Amino acid sequence: FNEKDDELADFIGDDGYFSTMFDFYETCYGKSEKGAYDSERYLTPEEYKHCIFRTQKRVGDLGMVSNIIENHDEPRGVSHYIQPEDLCLASKKLLGGVNFCLKGLPFLYQGQEIGMENTVFSSIEDVDDIGTLDEYKVGLDAGLSPKEALEAAGHFSRDNGRTPMQWSAGEQAGFTTGKPWLAVNPNYTRINVESQENDPDSVLNFYRKLTALRKDSRYQEALVYGTFVPYLEEEKNLIGYLRKTEAQTLLVLANFQKEGRMVKLPGETAKVLLNNLDSVKIENGIISMKPYQFVVLEV
């Protein structure tokens, strides 16, 4: 987005050129002009919060923005917006929940709904993407070893988002009986649709719950069109915001860390609408959040 709000209005305002536009601020955040080898591989929870809050505040009621975690030109979001030591089932759901409940239009990319991760390139010969091949050369020219250059270029490779969809633990992840144009991610036996389909605690079924909540006529107005108001923004590793209409207030809370925490609520809790863990404790206006817990409350 250009820093001038009047120019933003030209694109997604009432008389804008488009109905919506994609937010790539967090996608570009931490990237270096020198190349992938000098770029920030993982965003911290605070950096991710800064990015999404910045966009939400700038857009306001101006128009409709489209929110993404990943697409065909990006690495897998869970491998970029979640630190490696924090990557788990709960944090994958947390990331999806935070993104899905923002004001705007959420976009889901194939494999995101089962928590697909970046693949591992054992050789530059495994790479098809011309951008990754170029970044590999940039790394070598900067003095990196072939292994280091491949790791750097591979982390940001567009091929991460282009490996075959992981349908099952069968041959070629159930994607084809032939040889796919890119190798299947080796973790397909652990991460696939078939294993998650009937698992109530799976990432897939959590995304289904998110979708159902957003389409629920009781909460749709607040989640789709309600105003965005940050909540306890200065709390480190806590992503909190309100989605409000005149008649309703929903609170979205995400404890983006490996430690539990106590969070003061802005009002009395009417109902817990969504929870990525099996339980939640609320007493005397305070919620006890477990590591990587994500909740949506009506307050």
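Described in the following lines is the structure provided in the data block.

Criteria and thresholds
- Residues numbered from 1 in each chain as written.
- Predicted model: local features only at pLDDT ≥ 70, side-chain atom pairs only at ≥ 80, totals over all residues.
- Heavy atoms only, no water.
- Salt bridge = Lys/Arg side-chain N within 4 Å of Asp/Glu carboxyl O.
- Buried < 20%, exposed > 50% of the residue type's maximum accessible area, 1.4 Å probe, protein only.
- Helix = DSSP H or I, 4+ residues; strand = E, 2+ residues; numbered from the N terminus.
- Expected span 1.5 Å × (residues − 1).
- Core = buried A, V, L, I, M, F, W, Y, C linked by side-chain atoms within 4.5 Å.
- Pairing = 2+ DSSP bridges.
- Axes fitted to C-alpha atoms, helices over the stretch in contact; angles between N-to-C directions.

Bringing the pattern of salt bridges into the picture now. A complete count under the given rule lists 15 salt bridges for this structure. We note a salt bridge from Glu70 to Arg76, for which the minimum N-O separation is 2.6 Å. The pair formed by Glu70 and Arg76 is uniform in burial state, with each residue classed as buried. Its salt-bridge partner being Lys137, residue Asp141 comes within 3.0 Å of it at the nearest N-O pair. With Asp141 and Lys137 both in helix α5 (residues 130-141) and 4 residues apart, the pair spans about one turn of that helix. By relative accessible area, which is 58% here, Asp141 ends up exposed. Owing to a relative accessible area of 48%, Lys137 belongs among the partly exposed residues under this scheme. Three or more residues are tied together by salt bridges with common partners; here these are Asp73, Asp129, Arg158 and Arg162.

In this model helix α4 (residues 89-100) runs 17 Å from its N-terminal to its C-terminal C-alpha over 12 residues, within 8% of the 16 Å that 1.5 Å per residue would give. Counting buried residues along α4, 11 of its 12 residues qualify, which places the element largely inside the surrounding structure. Every buried residue of α4 is listed here: Ala90, Ser91, Lys92, Lys93, Leu94, Leu95, Gly96, Gly97, Val98, Asn99 and Phe100.

Below, the discussion takes up the nonpolar core. Counting 36 residues, the largest nonpolar core has Val98, Cys101, Leu210, Ile239, Tyr241, Phe294 and Val296 as its most contacted members. Every element with two or more residues in this core is listed here: α3 (45-59), α4, α8 (203-215), α9 (220-225), β5 (238-244), β6 (249-255), β8 (271-275) and β11 (294-298).

Let us look at the sheet that holds strand β10 (residues 286-289). Hydrogen bonding along the main chain pairs the strands of a sheet, whether they run parallel or antiparallel. Taken in spatial order, the 3 strands line up as β7-β10-β9 in an open sheet, and their pairing is antiparallel. Whereas interior strands pair on both sides, the edge strands pair on one side only; in this sheet they are β7 (261-264) and β9 (281-283). Within the sheet, the average angular offset between the axes of one strand and its neighbour, ignoring direction, is 25°. Relative to β10, β9 is paired through 3 bridges, and the arrangement is antiparallel. When the bridges of β10 are listed, Glu283 appears paired with Ile286.

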